[in-house]
Amino acid sequence: MHKAREHQQPLYVCFVDFKKAFDSVSHDKLRVTMMDMDLIDLLAKLYRKQLAKVKVAGTLSEWFPVNKGVRQGCVLSLYLFNILAEMVMRETLDGFQGGLQIGRQMITNLHYADDVILLATSGAELQSWWIV
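A brief report on the enclosed structure follows. Quantities reported herein were computed from a predicted structural model and do not represent experimental measurements.

Helices and strands together make up the secondary structure of the protein chain, namely 5 helices and 8 strands. The C-alpha atoms of the protein chain give a radius of gyration of 24 Å, which is well past the 14 Å a tight globule of 132 residues would have. By its C-alpha atoms, the protein chain is 80 × 50 × 25 Å across when sized along the principal axes. Within the protein chain, the proportion of its 132 residues that are buried is 11%. For the protein chain, contacts bridging at least 24 residues in sequence account for 26% of all contacts bridging at least 6. Of the roughly 12,200 Å² that the protein chain leaves accessible, carbon and sulfur atoms contribute 60%. One way to put it: in the protein chain the 15 positive side-chain charges average out to a point 9 Å from where the 14 negative ones average out.

Here it is in structure tokens:
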């Protein structure tokens, strides 16, 4: 606005306030939009050919490739980690017959952030998890 005045240019502004923005997102439209934007390829490009340097005792290293980890501080990192963790748990639980029966529900694991608790009713059952 300041620059427009400085250069004596007319300026019209429209403010948009999305009411209940998160509540109004259509799941179908979100899915179509992500497919249209080729979001998988976009995310893959974010991590492709990453390079980094580190500083040790004041000396900067040479560039080296980064092949593991999600970006610290990136808002997507939590979701990307959780997607991978979910796949690991699905593969781990495939064929597992144990767990803790509470009512009609069989509970095999609990998650909180990057921690997972595996549940069983005996040491042998817990060990069988890794043999499956």
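Our next topic: the packing of aromatic side chains. The final tally for this structure, using the stated rule, is 0 aromatic pairs. The ring of Tyr47 carries the charged tip of Arg71 above its face, separated from the ring centre by 5.6 Å.

This part takes up the pairing of strand 7 (residues 109-112). For strand 7 and strand 8 (residues 115-118), the ladder comprises 4 bridges, and the chain directions are antiparallel. Looking at the pairing, Leu110 lines up with Ile117 of strand 8.

Counting through the fold element by element, Asn109 comes out in strand 7. There is a polar contact of 2.8 Å between the side chain of Asn109 and the side chain of Thr108. Among the polar contacts listed, one links the side chain of Asn109 to the side chain of His111, at a separation of 2.6 Å. Excluding anything up to four places from it in sequence, Asn109 contacts Met89, Leu93, Val116, Ile117, Leu118 and Leu119.

Examined against the element boundaries, Ser77 turns out to sit in helix 4 (residues 77-93). Apart from residues no more than four positions distant in its own chain, Ser77 is found in contact with Tyr47, Val70 and Arg71.

Another aspect to go through is the pattern of salt bridges. Taken as a whole, this structure holds 4 salt bridges when the rule is applied. The shortest N-O distance in the salt bridge between Glu86 and Arg90 comes to 3.1 Å. Of the two residues, Glu86 and Arg90 both sit in helix 4, 4 residues apart, roughly one turn of that helix.

Tracing the backbone through its elements, the reader meets Pro10 in the loop between helix 1 (2-6) and helix 2 (27-36). As a C-alpha pair, Pro10 and Thr108 span 98 residues in sequence and 64 Å in three-dimensional space.

About the thresholds
- Residues numbered from 1 in each chain as written.
- Predicted model: local features only at pLDDT ≥ 70, side-chain atom pairs only at ≥ 80, totals over all residues.
- Heavy atoms only, no water.
- Helix = DSSP H or I, 4+ residues; strand = E, 2+ residues; numbered from the N terminus.
- Rg over C-alpha atoms; globule rule 2.2 N^0.38 Å.
- Buried < 20%, exposed > 50% of the residue type's maximum accessible area, 1.4 Å probe, protein only.
- Contact = heavy atoms within 4.5 Å.
- Areas by Shrake-Rupley, 256 points an atom, 1.4 Å probe, with all protein chains shown as cover.
- Lys, Arg positive; Asp, Glu negative; His and termini not counted.
- Charge placed at Lys NZ, Arg CZ, Asp CG, Glu CD.
- Phe/Tyr/Trp six-rings, centres within 6.5 Å; stacked < 30°, edge-to-face > 60°.
- Lys NZ or Arg CZ within 6 Å of the ring centre and 35° of its normal.
- Pairing = 2+ DSSP bridges.
- Polar contact = N/O pair within 3.5 Å; in protein donor to acceptor, adjacent residues only side chain to side chain.
- Salt bridge = Lys/Arg side-chain N within 4 Å of Asp/Glu carboxyl O.

So far we have only geometry, and geometry alone does not tell us how the molecule works.
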